[in-house]
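Structure at a glance
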Amino acid sequence: MSMSSSRPYLIRALYEWINDNQLTPYLLVNANEQGVSVPQNSVGKDGQIILNVAPRAIMGFDISNTAVSFSARFGGVPTDIYVPSHAIMGIYAKENGQGMMFEPEAPPPEPPKDTKPNEKSVKKPMLKVVK
């Protein structure tokens, strides 16, 4: 039986734990992974970027089972950040380095795309009068 990745769950738990201890959560990201949207001028020569994800530094923070997204300022410019979970290499506290590093993980397979949508797969909106 195939299970989903535990990485997003661990990221959420460690993010809360780091914040609960009044420390600064950092994400280490492989910016070369497909789907990563970060300012490329902030990416290191090794293809990695460290993101400060402290609540005071970002807006609209969301950790889903597939990605982390938020808005932050880079050089004073508001920037939308999107990082698929498989591209997150680690989460740790800036002040003491406590957290977790992750083994490389392959991106999830993309769902098959239909070349021609058939009529049965297109759902039509329905309204119903209720008295």
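Residues numbered from 1 in each chain as written. Predicted model: local features only at pLDDT ≥ 70, side-chain atom pairs only at ≥ 80, totals over all residues. Heavy atoms only, no water.

1. What about the sheet that holds strand 2 (residues 48-52)?
This is how the line gets drawn: Whether two strands pair depends on DSSP finding at least two bridges between them. A run of H or I in DSSP becomes a helix once it reaches four residues, and a run of E becomes a strand once it reaches two; helices and strands are each numbered from the N terminus. The convention used is that axes are lines fitted to C-alpha atoms, helices contributing only their stretch in contact, and that angles between N-to-C directions extend from 0 to 180 degrees. Residues are treated as being in contact if the distance between any of their heavy atoms lies within 4.5 Å.
An order of 2-1-6-7 is seen for the four strands of this open sheet, with the pairing classed as antiparallel. Each edge of the open sheet is held by one strand with a lone partner, namely strand 2 and strand 7 (99-101). The sheet shows a mean angle of 20 degrees between the axes of neighbouring strands, direction not considered. Pairing analysis gives three bridges linking strand 6 (residues 88-93) to strand 7, with the strands arranged antiparallel. Bridging across to strand 7, I91 finds its partner in M100. Each of strand 1 (25-30), strand 6 and strand 7 is contacted by helix 1 (residues 7-20), which is oriented at about 20 degrees to strand 6, the strand it contacts most.

2. As for the pattern of salt bridges
Inclusion rule: By definition, a salt bridge exists where a carboxyl oxygen of Asp or Glu is found within 4 Å of a side-chain nitrogen of Lys or Arg.
Going through the model one piece at a time under the given rule, you end up with one salt bridge. With its nearest N and O atoms 3.9 Å apart, the salt bridge here joins E105 to R7. Separated by 98 residues along the polypeptide, E105 in the segment after strand 7 and R7 in helix 1 bring together distant segments of the chain.

3. Regarding helix 1
Note the cut-off: What a helix should span is 1.5 Å times the count of its residues minus one. The buried label applies to any residue whose accessible area, calculated with a 1.4 Å probe on protein chains only, is under 20% of its type's maximum; exposed applies above 50%, and partly exposed to all values in between. Here, the arc refers to the directions that run from the helix axis to the C-beta atoms.
For helix 1, with 14 residues, the first-to-last C-alpha span of 20 Å sits near the 20 Å given by 1.5 Å per residue. Of all the positions in helix 1, only R7, P8, I11, L14, Y15, I18 and N19 are classed as buried. Here the buried residues of helix 1 occupy an arc of 130 degrees about the axis, which is enough to place them on one side. Looking at the packing, one finds that the buried side of helix 1 touches strand 1, strand 3 (58-63), strand 6 and strand 7. One or two steps after helix 1, the chain reaches Q22, where phi turns positive at roughly 55 degrees.

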